[in-house]
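Remarks on the overall topology
Each chain, written out:
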Amino acid sequence: MRRGYAKLEEGKMVKLVTNDIAKRGGCATCFWISYLELPRVCRVGDRILIDRGAALLQVTCIHEEAVTCKIIKGGIVRDNKLVQLLDSVVSLPQISEKDTEHMKLASMLECDFLIMNHTRNEKMLYGIKSRLKKMGVTKICVMAKISNQQGFENFDEILHSADAILLDRNNIEIDVGSEKLFLVEKIIIAKCIRIGKPIVLGFQVYNNEQLNIDMNLIAHAVLNGVDAIFLKTGAMNMKDTTKLLRDVDIVCREAESARWQKEIFDELSYKVPIPLDPLHAIIVGAVETSIKSNAAAIVVTTTTGRSAVLLSMYRPKCLILAVTRYGVVARWLQLYYGIHSLHYRTEPLSDWGKDMQTRIQTGIDSLRRKGYIRVGDAIVIVSGWRQGAGFTNCIRIVYVSPGHMENQIADFESCW
């Protein structure tokens, strides 16, 4: 398209050419696309979506290096826009050269999270993790982005392999349809909660260069149990972004306060297979204790983060403070619902009991300074009976005392 765009009119025909000769020019009746395998992949009757719904085509004839389509839905189509095959499975390499470049960059920057775009199956995740391992990167959270029908159909195997899930609502809506989007969202969220994998829901803030976000959809996502909200703000300026974050924060807090936490806990704990492992049983008891005592917070000391993850899985109404010595664990835990992570940086004391008590007390003081708890509030403490990972089996209730609070000390900091 010489001017960078063309108007496709409904009912007319258009030819999509894969030969590079047609790359430099194009019009409303014929233009070039970059996918060379299109004539061999699609079939007559298949639908092709351009620019996320700007135009919809239906294949009527297949040639050696071109495809002729009827325009089902007209619209303005521009250069370098996305072309999606709705009824055919596109054969693409599991990991591209660009993916490898991004992994090398993530390794160099020592990133904590890596998002795998358009995850289609578990082989992609295994490939990513094996390459990261060869690069010497082991402490990184690989998040699978579900954005197409193929990814949804293979979701169970993806969920097993991924460290976290990002559901791209706008992209997957194109494949499954707007009438089934709510069902896909509920299925994915429920499966993630059941096994304790964090689920993040992505929302497109801008639509056709206009601010367009439905706060009701965000509220329903929180009520459904998502761990985090991902806002694709694009080129928003700082002032508008700050205002948007404040508005979304208010909506999320209101939605959280409206959840039936007791019913959620009863349903989740009922469906857990028995017998439970000791740690899981302690966590269930801690959450129920927090409900019965109307606790303001649950403070958990953790080495690997598993204790805090299990607490988050049951969606307690009070916040969870995870105290850990490892910064990477503290940063990973920020992805889970209701967890506030703190990184305790000092070397362990010779007396393990005193060291544990110091960590717990400092965590409680930190919550007081931030205004999350007040004097007299009940706090549920979850800790181990000895040093090391896998020994968490102690629950106790303490009440916030009016004792002296020191300023933020150097050996105790937020994970960020």
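You'll find the structure just up there.
The numbering scheme is per chain: residues are counted from 1 as the chain's sequence reads. A pLDDT threshold of at least 70 governs which residues receive local features in this predicted model, and a stricter bar of 80 or more applies before side-chain atom pairs are shown or counted, although totals over entire chains, interfaces and linings include all residues. To get the side-chain values, all heavy atoms of the structure are used, and hydrogens and water are removed first.

The helix and strand inventory of the protein chain stands at 14 helices and 21 strands. Each principal axis of the C-alpha atoms in the protein chain carries an extent, and together these give about 75 × 45 × 45 Å. Exposure classes here rest on a 1.4 Å probe applied to the protein chains alone. A residue is buried below 20% of its type maximum, exposed above 50%, and partly exposed in between. The proportion of buried residues among the 416 residues of the protein chain is 46%. Should any heavy atoms of two residues lie within 4.5 Å, those residues are considered in contact. Across the protein chain, contacts joining residues at least 24 apart in sequence account for 62% of those joining residues at least 6 apart. Surface accessibility in these figures is a Shrake-Rupley result with a 1.4 Å probe; residues are shielded only by whichever protein chains are displayed. Element-wise, carbon and sulfur atoms account for 52% of the exposed surface of the protein chain, whose accessible area totals about 22500 Å². In this text, helices come from DSSP runs of H or I with a minimum length of four residues, and strands from runs of E with a minimum of two, each type numbered from the N-terminal end.

Here the focus is the pairing of strand β11 (residues 164–168). Counting buried positions along β11 yields five of five residues, so the element is predominantly enclosed. Burial along β11 is two-sided: the face carrying Ala164, Leu166 and Asp168 and the face carrying Ile165 and Leu167 are both buried. Here, any two strands with at least 2 DSSP bridges between them count as paired. The sheet contact formed by strand β10 (residues 141–146) and β11 spans four bridges and is parallel. By the bridge assignment for β11, Ala144 is matched with Ile165.

Here we take up the pairing of strand β5 (residues 55–62). One face of the sheet, then the other: side chains in a regular strand alternate in exactly this way. Bridging between strand β4 (residues 47–50) and β5 involves four bridges; their strand directions are antiparallel. Directly across from Ile48, in β5, lies its bridge partner Leu57. Following β4, the chain reverses through four residues before pairing antiparallel with β5; Asp51 in that reversal takes a positive phi of roughly 55°. For β5 and strand β6 (residues 66–73), the ladder comprises six bridges, and the chain directions are antiparallel. Looking at β6, one finds that Gln58 is bridged to Lys70. The loop that links β5 with its antiparallel partner β6 comprises three residues.

Looking now at the environment of Leu36. Looking at the element boundaries, Leu36 is found in the loop between β3 (30–32) and α1 (38–41). Each C-alpha atom of the pair Leu36 and Ala221 lies 39 Å from the other, and the pair is 185 residues apart in sequence.

Pairs were defined over the aromatic rings of Phe, Tyr and Trp, the Trp ring being its six-membered one, requiring ring centres within 6.5 Å. Orientation was assigned from the angle between planes: stacked under 30 degrees, edge-to-face over 60, tilted for the rest. Tallying each qualifying case throughout the model produces one aromatic pair. Its guanidinium or amino end placed over the ring of Tyr337, Arg259 lies 5.3 Å from that ring's centre, counting from NZ or CZ. Criterion for a charge above a ring: Lys NZ or Arg CZ within 6 Å of the ring centre, and within 35 degrees of the ring normal.

In spatial order, the strands read β9-β10-β11-β12-β15; together these five strands make up an open sheet with parallel pairing. The open sheet terminates on both sides in strands that have one partner only, identified here as β9 (113–116) and β15 (228–232). For this sheet, the mean angle separating the axes of adjacent strands, direction not counted, is 25°. Set on the sheet, helix α8 (residues 215–224) makes contact with β12 (199–204) and β15; between it and β12 the angle comes to about 175°. Comment: axis = line fitted to C-alpha atoms, over the contacting stretch for helices; angle = value between 0 and 180 degrees taken between N-to-C directions.

The geometry of helix α6 (residues 169–176) relative to helix α7 (residues 181–195) is characterised by a closest axis approach of 9 Å and an angle of 120° between their N-to-C directions. The angle between α6 and α7 falls in the class oblique. Between α6 and α7 lies a crossing whose hand is right-handed. Each of Arg169, Ile172, Glu173 and Val176 in α6 lies in contact with α7, whose residues at this interface are Leu181, Val184 and Glu185. Amino acids are sorted into nonpolar (Ala, Val, Leu, Ile, Met, Phe, Trp, Tyr, Cys and Pro), charged (Asp, Glu, Lys and Arg) and polar (every other residue, Gly among them). Counted by class, the contact of α6 with α7 contains four nonpolar, no polar and three charged residues. Here the word oblique covers every angle except those under 35 degrees (roughly parallel), over 145 (roughly antiparallel) and from 65 to 115 (roughly perpendicular). The crossing is said to be left-handed when, going from far helix to near helix, the turn is anticlockwise and less than a right angle, and right-handed when the turn is clockwise.

A few words now on the pattern of salt bridges. The working definition used for a salt bridge is a side-chain nitrogen of Lys or Arg within 4 Å of a carboxyl oxygen of Asp or Glu. Counted under the stated rule, the structure contains 16 salt bridges. Note that Arg43 and Asp46 form a salt bridge whose closest N and O atoms lie 3.9 Å from each other. Exposure remark for Asp46: the relative accessible area of 6% places this residue in the buried category. Of the charged contacts, one joins Asp277 and Arg306 as a salt bridge, the two residues approaching to 3.5 Å between their closest N and O atoms.

Moving on: the side chain of Thr100. If you trace the backbone, Thr100 turns up in helix α2 (residues 97–109). The class for Thr100 is buried, based on a relative accessible area of 15%. Setting aside anything within four residues of it in sequence, one finds Thr100 in contact with Ile95, Arg131 and Met135.

On to the sheet that holds β6. Strand order in the open sheet made by the six strands is β3-β2-β6-β5-β4-β8, with mixed pairing throughout. Pairing within the sheet leaves two strands with one partner each, and these edge strands are β3 and β8 (83–85). If you compare each strand with its neighbour and ignore which way they point, the axes differ by 35° on average. Here β4 pairs with β8 via three bridges, running antiparallel. Across the sheet, the residue bridging to Leu49 is Gln84, located in β8.

Quick look at unusual backbone geometry now. With glycine set apart, most residues show a phi of negative sign, and most peptide bonds adopt trans. Positive phi, normally seen in glycine, also occurs at Glu110, with a value near 55°. The phi dihedral of Asn294 is positive, around 55°, even though this residue is not glycine. Along the polypeptide, Asn294 turns up in the loop between α11 (278–292) and β16 (297–301). Given a relative accessible area of 67%, Asn294 falls into the exposed group.

Contact geometry for α11 and helix α12 (residues 306–313): axes closest at 9 Å, N-to-C directions at 50°. Considering the angle they form, α11 stands oblique to α12. Crossing hand, α11 versus α12: right-handed. Contacts from Leu279, His280, Ile283, Ala286 and Val287 of α11 reach α12 at Arg306, Ser307, Leu310 and Leu311. Of the residues belonging to the contact of α11 with α12, the class tally is six nonpolar, two polar and one charged.

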